[in-house]
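Working through the structure, step by step
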Amino acid sequence: MATFTNKATLSYNGKTTDSNTVTGTITETLTFAKNAVEQSYTEGDRLTYVISLINSGTSPFTGLSMTDDLGAYPFGTELRYPLTYVDGSLAYYIDGVLQATPTVSSTEPLIIEGISVPANGNTILVYTATVNPFAPLGEDATVFNTATVTGGRLSAPLTDTETVSANGEVALRITKALSPDTVVENGTLTYTFTIENDSPTPAVATDDVILSDTFDPILDPLTVTFNGTPWTEGVNYTYDTATGAFATLPGQLPVPAATYAQDPVTGEWITTPGVAVLTVTGTV
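I will try to describe carefully the structure that is included in this document. Predicted model only: the values in this text are computed from it and were never measured.

Regarding the packing of aromatic side chains
Tallied over the entire structure, the rule returns 8 aromatic pairs. Centroid distance Tyr 191 to Phe 215: 5.1 Å. Interplanar angle 10°. Geometry classified as stacked. Linking Tyr 191 in strand 20 (residues 188–197) with Phe 215 in the loop between strand 21 (212–214) and strand 22 (222–226), this pair joins segments that are 24 residues apart in sequence. We classify Phe 215 as buried; its relative accessible area is 1%. Grouped by ring-pair contacts, the aromatic residues Tyr 191, Phe 193, Phe 215, Tyr 237, Tyr 239 and Phe 246 constitute a single cluster. Over the ring of Tyr 49 we find Lys 34, and its NZ or CZ is 4.5 Å from the ring centre. A cation sits over an aromatic face here: Lys 176 above Tyr 191, 4.5 Å from the ring centre.

Dropping the structure here:
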């Protein structure tokens, strides 16, 4: 609801006189909401946004424009946009019926023009944005973006915001290396397992990280180290010399959290993963 006031001025014979001030009220009939389907992100993810416009009045709204700042934030004298609109992803529905796509006149910020909302009806816009390297990473990081609807004889712009948080769940990946890749009979080879964590949350004992492998050819005897510290069979791992089946015991593979830094020149966020290394050396 918005109020307005005004008064008139009467001029005659070089004189002026003002009328009384009148006050009126404009009842807003168009409501606006912006929501993200996904509530967390990592770099490279796609986020889907849903824009809802509901008209409770008896007159339609036409010629509306919607601007989404895509989470823009100042960086030096410029703006950085952590979200990139996915070209062609826009879908436009009026009262649930898919319509011809309205005009996307800008992608930084995202501006959509030519939106209509029928009387006693609704309009839905759905579009997708990719999380790019300018999106903040780390603990408590968020992308906070604002959408604004203007035009169409609105009494005032309509604004709504949405916040999506960086994914804080443990995110591990593993690589395996062999040295040497050619070994003589009764020779020695080493398997190196590198576990990386791209998350701001460390992997701890209660995460029950377990590494398992079946060595073929079978290694016997073998030695195991974790981050350079010797391990003991039955305490840290199990190994079957008959089958080559190897497995770490629960709670023995902690992996530190990643660290994050924003490049002071480009503004891109750089991830340095937390790393843990398990080494198995044995005779074939």
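Examining the side chain of Asn 145
With respect to the secondary-structure elements, Asn 145 resides in strand 17 (residues 142–151). Assessed through its relative accessible area of 0%, Asn 145 is described here as buried. Polar side-chain contacts of Asn 145 include one of 3.1 Å to the side chain of Asp 68. Discounting residues that sit within four places of it in the chain, Asn 145 has contacts with Lys 34, Tyr 49, Asp 68, Asp 69, Leu 70, Gly 71, Leu 83, Asp 160, Thr 161 and Glu 162.

Examining the sheet that holds strand 8 (residues 61–68)
Pairing is mixed in the open sheet, where 6 strands are placed in the order 6-18-17-8-15-14. The open sheet has two free edges, formed respectively by strand 6 (40–41) and strand 14 (103–107), since each of these has just one partner strand. The sheet contact formed by strand 6 and strand 18 (residues 158–166) spans 2 bridges and is parallel. Bridging from a neighbouring strand, Ser 40 pairs with Ser 165 of strand 18.

As for the pattern of salt bridges
Scanning the model with the defined rule gives 6 salt bridges in all. The shortest N-O distance in the salt bridge between Arg 80 and Glu 78 comes to 3.0 Å. Judged by relative accessible area, Arg 80 falls into the buried class, the value being 12%. Of the residues examined, Glu 78 reaches a relative accessible area of 44% and is grouped as partly exposed. Lys 176 serves as the salt-bridge partner of Asp 213, at 2.5 Å between the closest nitrogen and oxygen. Of this pair, Asp 213 sits in strand 21 while Lys 176 is found in strand 19 (residues 172–179), placing the two residues 37 residues apart along the sequence. Overall, Asp 213 belongs to the buried group, its relative accessible area being 17%.

Digging into the sheet that holds strand 19
Whenever strands of a sheet pair, they do so through backbone hydrogen bonds, lying parallel or antiparallel. Spatial ordering of the open sheet is given by 19-20-28-22-23, a layout of 5 strands whose pairing is antiparallel. Each edge of the sheet is formed by a strand with only one pairing partner; in this case those strands are strand 19 and strand 23 (229–230).

Calculation criteria
Residues numbered from 1 in each chain as written. Predicted model: local features only at pLDDT ≥ 70, side-chain atom pairs only at ≥ 80, totals over all residues. Heavy atoms only, no water. Phe/Tyr/Trp six-rings, centres within 6.5 Å; stacked < 30°, edge-to-face > 60°. Helix = DSSP H or I, 4+ residues; strand = E, 2+ residues; numbered from the N terminus. Buried < 20%, exposed > 50% of the residue type's maximum accessible area, 1.4 Å probe, protein only. Lys NZ or Arg CZ within 6 Å of the ring centre and 35° of its normal. Polar contact = N/O pair within 3.5 Å; in protein donor to acceptor, adjacent residues only side chain to side chain. Contact = heavy atoms within 4.5 Å. Pairing = 2+ DSSP bridges. Salt bridge = Lys/Arg side-chain N within 4 Å of Asp/Glu carboxyl O.

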